[in-house]
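Each chain, written out:
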Amino acid sequence: MKVLLMQHGEKLVLLIVLIILGMWISGVNSDGKTLPKKQAEKINIDKKIKEAKDYTAKPAPIPEKPMDYTGVIQNRLAVLVDFADTLQWLTAHPDIVEGSTDDRTVFSIYEVLSPSVTAEDEVGSILVTVEMPDRRGGKGGDEVQTGDEIEWERALKGGKTVTNTARWLGVKVEYQVGGKGAWRPLKSVGLKDGVHIFRDESMTPPEFRHNGVQGKQQYSYRASLIVAATGVREEGPAELGEETIVYDGEYTGQIDRFVWAQGAGRIKGRLKAVEPKTVPDMHRVTLGKTEKLYIGRAGEAGTVEQTESDIIFAVKQISALGGTDPTLRVYMMKMVRDRNGKILGWTEALEIKNVKVGDKLGTPPEGQKGIPVKLRNAPDGGLRLVNFQTDWVVADLNIEGRRIYYYEVKKKNVDGKTILYLNEKARTNYHVVTLNNGVENIQIIRLDKLTPNRNPQFCYPLIQQKVNETEEFKDGDPTEFTQPILEPEKPVEWPADKIPPDGVPEDFQTDVPYFVFADGRIVWYDHVNKKMKSTEVKPPKVEEPEVPEGGEGEDGEAPPDGQEPPPDGN
């Protein structure tokens, strides 16, 4: 056996390995878990293998970039939301319901509207009428109000109440000359430096008369409302009883019932309080403990340009005869109308002599219905019996008046430095007449002859040619005649560091006070070039004569139709 294994051992081992391998292959072929039993299953497996290969062959999808949520939120928070548009949301507070009581600070709005002004030219003066704004409730419900006297009362916890008030105190009236330049307080009867404080419960300002207006000049007038209210504090948190927002004009924002403290300071158009000491005549008013003073925006200006009246007066002179009371010689003109009111024309100047204080102007001679006088441009050229009767009585004759013809800015040296000062071209012992119609006084002064300004660029008002006021009255157009005045508008001195009201001229430089004229011109001293300067003096406007119909030919030639224009345009 031993010999057999030694001779044939390798063959025997190889045979055993072959037997084992054959048995394993036979087992694999007969195992259904490793090979499909059916051909259809094998085909299905091959299809899935192919689909997997196709999918892996496609490019991988690229995912979208995620939204920058942080940046979007930051951008939205950076937008400043208009408070007026969100006021409805702010007022709808979840802790407050209609009719509830609460001790937290809430606000009401009081509208300060602008008065309107009308101006009417009269003989020697301008009548200024201020119309107060409507006394009405606001458009935003009970918490927005307009009117002469307003109260807001709110119930608090514990049965207590808090009351806020707002009321009219008066008006501030200003005027402007020539349609430009600074606005100035109007000084008149009933006005103290432009302020009228109500003295009765009517809260309606009277009519004001602007005396001493310059002839042939435009005047504009405007007014502001002065009110008192338990307004909000300018600084610090508001307290109960100091909760009224005083608003400039009509409030157009949205509002429900309450305006919360955190929103009060954001309301555009809220007026700020002024110091009572800065308002003239305020000693007549007693402000409440928590009341503050406010001045509203000036309303639209009323403008008037020249004197228009059916009867005009002019003083020729005042005479003191033999030591007796002075007597007056006065000119009168009147517009004559027919029974239907149609204008027939103006009378020629009627001279009335020996008029004394207490006499009524225009009284016809005893036994006559009127005074015989010629009518300008009357077809028959004859006399007309005209009733000159007026309500104007001679109240005073003054032979010691003083007339300032114009102001002139000059320079002088003071302590080694050149400064500007105002010089008056004036005349003393001037004749002045005061008339009264039972309601108002007016002043008219003697007509005179004027000579041109020596340095017109530094003078106000401008007188650029000789003027004979008597001839202008008697021979000129009565509708264009305006009364001379005793004192023209005085130029205003401005500090060197204050900007002129109508803008800074290109070559403006000065280190001393300068002057601003009522017509807008500026006079200053140029300290660098050591020279007085002024803004441009505009020459008087020369109107072109009207060309008669049919007379439009050029260079003296006849019109195209060959007809010559009628002589003198008639």
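Before reading on, note that the structure itself is shown above.
Below: a short report on this structure.

Definitions and limits used
- Residues numbered from 1 in each chain as written.
- Predicted model: local features only at pLDDT ≥ 70, side-chain atom pairs only at ≥ 80, totals over all residues.
- Heavy atoms only, no water.
- Helix = DSSP H or I, 4+ residues; strand = E, 2+ residues; numbered from the N terminus.
- Buried < 20%, exposed > 50% of the residue type's maximum accessible area, 1.4 Å probe, protein only.
- Polar contact = N/O pair within 3.5 Å; in protein donor to acceptor, adjacent residues only side chain to side chain.
- Contact = heavy atoms within 4.5 Å.
- Core = buried A, V, L, I, M, F, W, Y, C linked by side-chain atoms within 4.5 Å.
- Pairing = 2+ DSSP bridges.
- Axes fitted to C-alpha atoms, helices over the stretch in contact; angles between N-to-C directions.

## Side note on the side chain of His 431
Then comes step 1: Within the fold, His 431 resides in strand S22 (residues 417-436).
Then comes step 2: Look at His 431 and you get buried, because its relative accessible area is 14%.
Then comes step 3: Polar contacts involving the side chain of His 431 include one to the main-chain amide nitrogen of Ile 318, which spans 3.1 Å.
Then comes step 4: When sequence neighbours within four positions are dropped, the list of residues in contact with His 431 reads Gln 317, Ile 318, Asn 398, Ile 399, Ile 445 and Arg 446.

## Things to note about the nonpolar core
Then comes step 1: With 42 residues, the main nonpolar core has Tyr 110, Trp 168, Val 173, Leu 186, Tyr 221 and Val 227 as its most contacted residues.
Then comes step 2: At the level of elements, strand S1 (106-112), strand S2 (116-122), strand S3 (125-131), strand S5 (149-155), strand S6 (161-177), strand S10 (219-229) and strand S29 (522-526) are the ones that each hand at least two residues to this core.
Then comes step 3: Setting aside residues no more than four positions away along its own chain, Leu 186 makes contact with Val 128, Val 173, Glu 174, Tyr 175, Leu 191, Asp 193, Gly 194, Phe 208, His 210 and Tyr 221.
Then comes step 4: Counting residues in hydrophobic clusters, the runner-up holds 25 residues, among them Ile 318, Val 330, Ile 371 and Val 386.

## Some points on the sheet that holds strand S21 (residues 393-414)
Then comes step 1: In space, the 4 strands of this open sheet follow the order S23-S22-S21-S25, with antiparallel pairing throughout. At either end of the open sheet lies a strand with only one pairing partner, and these are strand S23 (441-445) and strand S25 (459-460).

## Remarks on the sheet that holds strand S27 (residues 492-494)
Then comes step 1: Taken together, 4 strands build an open sheet; the order of strands is S27-S28-S29-S30 and the sheet is antiparallel. With partners counted over all chains shown, the strands left at the sheet margins are S27 and strand S30 (531-534), one partner each. If you compare each strand with its neighbour and ignore which way they point, the axes differ by 25 degrees on average.
Then comes step 2: Judged from the 2 bridges that link them, strand S28 (residues 514-516) and S29 form a sheet pairing that is antiparallel. Looking at S29, one finds that Val 516 is bridged to Ile 522.

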